[in-house]
Amino acid sequence: MKVSTKGRYALRLMVDLGTHSDGGKYVSLKDIAARQNISIKYLEQIVTPLHRAGLVRSVRGAQGGYRLSRDPERYTAGEILRAIEGSFAPIACLETEVNECERYPYCPTVGFWEGMYKVITDYVDSVTLQQLIDEQVANELNITEQDACAEM
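(A) How the structure looks around the pairing of strand S1 (residues 56–59). In the sheet, S1 pairs with strand S2 (residues 65–68) via four bridges, with the strands oriented antiparallel. Residue Val56 lies in a different strand from S2, and its bridge partner there is Leu68. Once S1 ends, the chain turns through five residues before running back antiparallel as S2, passing Gly61 with a positive phi of about 110°.

Spelled out as structure tokens, the structure:
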């Protein structure tokens, strides 16, 4: 399983929204694009499925933009990535609720694939957007402190 650039950028976009939409303020894609060094056109392709999944809200117009539809601690990295990437199932027969593969009862490797799928799913669903935002804020503080020390 490999996360695409869209998946990686979707997490960055959501962290940016969580960091910069103070008090429910809407953030423009132009501002996000400048901070994240991602083209607006590419961000538009990413924000559309996030909006369709109900993860972000949007408003048009001069004061428009995007914001999170709920508090950051109520999102998981897994739900954000699934909105962009789809299932994390490492093999096709694990993509449905009930495995309909005719070889399933006899497959010598299905247990391995199920275990891999569980580990990935458990991990991405254990990390909240708030944790990613907190990490971003901590990184910014470290950079600011390093810059202050370098100026001395």
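Additional details are given in the paragraphs that follow.
(B) Structural view of the pattern of salt bridges. Applying the stated criterion across every chain yields a total of four salt bridges. A salt bridge links Arg82 to Asp125, with the shortest nitrogen-to-oxygen separation between them at 2.7 Å. Note that Arg82 is positioned in helix H4 (residues 77–85) and Asp125 in the loop between helix H5 (110–124) and helix H6 (129–151), a separation of 43 residues in sequence. One salt bridge connects Lys118 with Asp122, and the closest N-O pair in it is separated by 2.6 Å. With Lys118 and Asp122 both in helix H5, this residue pair falls four residues apart, about one helical turn. Residue classification places Asp122 among the partly exposed residues on the basis of a relative accessible area of 42%.

(C) Main features of the nonpolar core. In terms of nonpolar packing, the biggest core is built from 31 residues, with Leu13, Met14, Leu17, Leu50, Ile80 and Leu129 touching the most fellow members. The set of elements that each furnish at least two residues to this core consists of helix H1 (5–20), helix H2 (29–36), helix H3 (40–52), S2, H4, H5 and H6. It is H1 that contributes the most residues to this core, seven residues altogether. Setting aside residues no more than four positions away along its own chain, Met14 makes contact with Leu50, Leu55, Val56, Leu68, Tyr75, Ile80 and Leu129.

(D) Examining the packing of aromatic side chains more closely. All chains considered together, the criterion is met by two aromatic pairs. A ring pair is formed by Tyr9 and Tyr42, whose centres lie 5.6 Å apart and whose planes are at 85°; its orientation type is edge-to-face. Residue Tyr9 is found in helix H1, and its partner Tyr42 is found in helix H3; the two are separated by 33 residues along the sequence. With centroids separated by 4.8 Å and ring planes inclined at 70°, the aromatic side chains of Phe112 and Trp113 adopt a geometry described as edge-to-face. Residue Phe112 is classed as exposed on the basis of its relative accessible area, which comes to 52%.

Thresholds, definitions, all that
Residues numbered from 1 in each chain as written. Predicted model: local features only at pLDDT ≥ 70, side-chain atom pairs only at ≥ 80, totals over all residues. Heavy atoms only, no water. Pairing = 2+ DSSP bridges. Helix = DSSP H or I, 4+ residues; strand = E, 2+ residues; numbered from the N terminus. Salt bridge = Lys/Arg side-chain N within 4 Å of Asp/Glu carboxyl O. Buried < 20%, exposed > 50% of the residue type's maximum accessible area, 1.4 Å probe, protein only. Core = buried A, V, L, I, M, F, W, Y, C linked by side-chain atoms within 4.5 Å. Contact = heavy atoms within 4.5 Å. Phe/Tyr/Trp six-rings, centres within 6.5 Å; stacked < 30°, edge-to-face > 60°.

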